[in-house]
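The primary structure of each chain is shown beneath.
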Amino acid sequence: QGVAIQESDLFLWVFNGRSRHYEVHSLDAKTGARNWMVDVGHKNLSQVPMAGDRFVVCLLEDGGGMVVVNRGNGAREYSMSTRVSQVPTGPAPSSDSTVYLNSLIDDRVHALNPATGMSGWAFRTEGTITAGPITTPRLPRRLVVVGTDAGEVVALPPRAWNESRPTDAAWDRS
């Protein structure tokens, strides 16, 4: 169905004709060795799997929610799939405690609980978010970055879903 590479991880998502389920496979991009495989159920992915430091987030099509797995071994940290009340416009990056998602419904960046999909805080930009979010893992100053149709790039501090909403962006540029 698709393939994506992030750092040294190669992600493939396939339809298994025997089980009639979709699967996500993680391979070592250098050697081709399989890291793990996870069955995500009857719905295909709506976006490429997005790897963070701790999680890989798989968004499912047709409002199927998300499957969040451990990046190191593919273990489901939480339930099989978690419903989300947003309509995502792109892949969902994550931090060690939070999944970040933009929503077509309200043009905001949402910080979600990876276990339940519950939205904690949300941040609105001047324009409609058309790019991102992306996170800056492994940098000393972590950020959640989005681009908008108003020609701005906004970088937010990556606060956890259960913390208060950022009052201001860490920085923004036109």
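Every chain's residues receive numbers from 1 upward, in the order its sequence appears when written. Since the coordinates come from a predicted model, pLDDT governs what is reported: local features require at least 70, and pairs of side-chain atoms require 80 or more to be given and counted, while whole-chain, interface and lining totals use all residues. Water and hydrogen atoms play no part in the side-chain values, which are based on all heavy atoms of the structure.

1. Some details on the sheet that holds strand E11 (residues 129-135)
Each strand in a sheet pairs with another by means of backbone hydrogen bonds, the pair being arranged parallel or else antiparallel.
Point 1. Pairing within the open sheet is antiparallel, and its four strands lie in the order E11-E12-E13-E14. On the outer flanks of this sheet lie E11 and strand E14 (171-173), each paired with one strand and no other. The mean inter-strand angle of the sheet, taken between neighbouring strand axes irrespective of direction, is 15°. If DSSP finds at least two bridges between two strands, the strands pair. In this text, helices come from DSSP runs of H or I with a minimum length of four residues, and strands from runs of E with a minimum of two, each type numbered from the N-terminal end. To get an axis, a line is fitted to the C-alpha atoms, and for a helix only the part in contact is used. The angle between two axes follows their N-to-C directions and goes from 0 to 180 degrees.

2. With respect to the pairing of strand E13 (residues 153-156)
Point 1. Across four bridges, the pairing between strand E12 (residues 144-148) and E13 is antiparallel. Its bridge partner being in E13, Val145 is matched across the sheet by Ala155.
Point 2. Counting the residues that bridge the hairpin from E12 to E13 gives four residues, and of these Gly151 lies at a positive phi of roughly 80°.
Point 3. Where E13 meets E14, three bridges bridge the pair, whose relative direction is antiparallel. Bridge assignment links Val154 to a residue of E14, and that residue is Asp172.

3. As for the packing of aromatic side chains
In this description, a pair of aromatic rings is defined by centroid distance and the angle of the planes.
Point 1. Pairing of aromatic rings covers Phe, Tyr and Trp, the last counted by its six-membered ring, and requires centre-to-centre distances within 6.5 Å; plane angles under 30 degrees mean stacked, over 60 mean edge-to-face, and any other angle means tilted. Tallied over the full model, the rule gives three aromatic pairs.
Point 2. Centre to centre, the rings of Phe11 and Trp36 are 6.2 Å apart; their planes meet at 50°, and the pair counts as tilted. Of this pair, Phe11 sits in strand E2 (residues 9-16) while Trp36 sits in strand E4 (residues 34-41), and the two are 25 residues apart along the sequence.
Point 3. Summarising the aromatic geometry, the rings of Tyr100 and Trp121 are spaced 6.2 Å apart at their centres and angled 50° between planes, so their arrangement reads as tilted. You can see Tyr100 sitting in strand E8 (residues 99-103) and its partner Trp121 sitting in strand E10 (residues 119-124), a full 21 residues away along the chain. With respect to burial, Tyr100 and Trp121 carry one shared label: buried. The buried label goes to any residue with under 20% of its type's maximum accessible area, the exposed label to any with over 50%, and the partly exposed label to all in between, with areas taken from a 1.4 Å probe on protein chains only.

4. Observations concerning the nonpolar core
Buried together is how nonpolar side chains tend to be arranged in soluble globular proteins.
Point 1. We define a nonpolar core as any set of buried Ala, Val, Leu, Ile, Met, Phe, Trp, Tyr and Cys residues linked to one another through side-chain atoms lying within 4.5 Å. Core analysis: the largest hydrophobic core is formed by 15 residues, its most contacted members being Val24, Trp36, Val40, Leu45 and Val56.
Point 2. Of all the secondary structure elements, the ones that give two or more residues to this core are E2, strand E3 (21-28), E4, strand E6 (55-60) and strand E7 (65-70).
Point 3. Discounting residues that sit within four places of it in the chain, Leu45 has contacts with Trp13, Val24, Val40, Cys58, Leu59, Leu60 and Glu61.
Point 4. Core analysis: the next-biggest nonpolar cluster, separate from the first, contains 11 residues, Tyr100, Trp121, Val154 and Leu156 among them. Here, two residues are considered to be in contact whenever any of their heavy atoms come within 4.5 Å of each other.

5. Things to note about unusual backbone geometry
Trans peptide bonds make up most of the peptide bonds, and negative phi angles are found at most residues other than glycine.
Point 1. Across the junction of Gly132 and Pro133, the peptide omega takes the value 5°, indicating a cis bond.
Point 2. Although it is not a glycine, Asp107 adopts a positive phi angle of roughly 55°.
Point 3. Within the secondary structure layout, Asp107 lies in the loop between E8 and strand E9 (108-112).
Point 4. The class of Asp107 is buried, set by a relative accessible area of 18%.

6. Some thoughts on the side chain of His110
Point 1. When you line up the elements, His110 lands in strand E9.
Point 2. Any N or O atom pair separated by 3.5 Å or less is treated as a polar contact, with the protein-specific requirement of one donor-capable and one acceptor-capable atom, and with residues adjacent in sequence counted only for side-chain atom pairs. Within the structure, the side chain of His110 is placed 2.9 Å from the side chain of Asp106, a separation counted as a polar contact.
Point 3. Side chain to side chain, His110 and Ser119 meet in a polar contact 3.0 Å long.

7. Overview of the environment of Asp53
Point 1. Here Asp53 is to be found in the loop between strand E5 (50-51) and E6.
Point 2. Residues Asp53 and Val14, spaced 39 residues apart in sequence, show a C-alpha to C-alpha distance of 24 Å.

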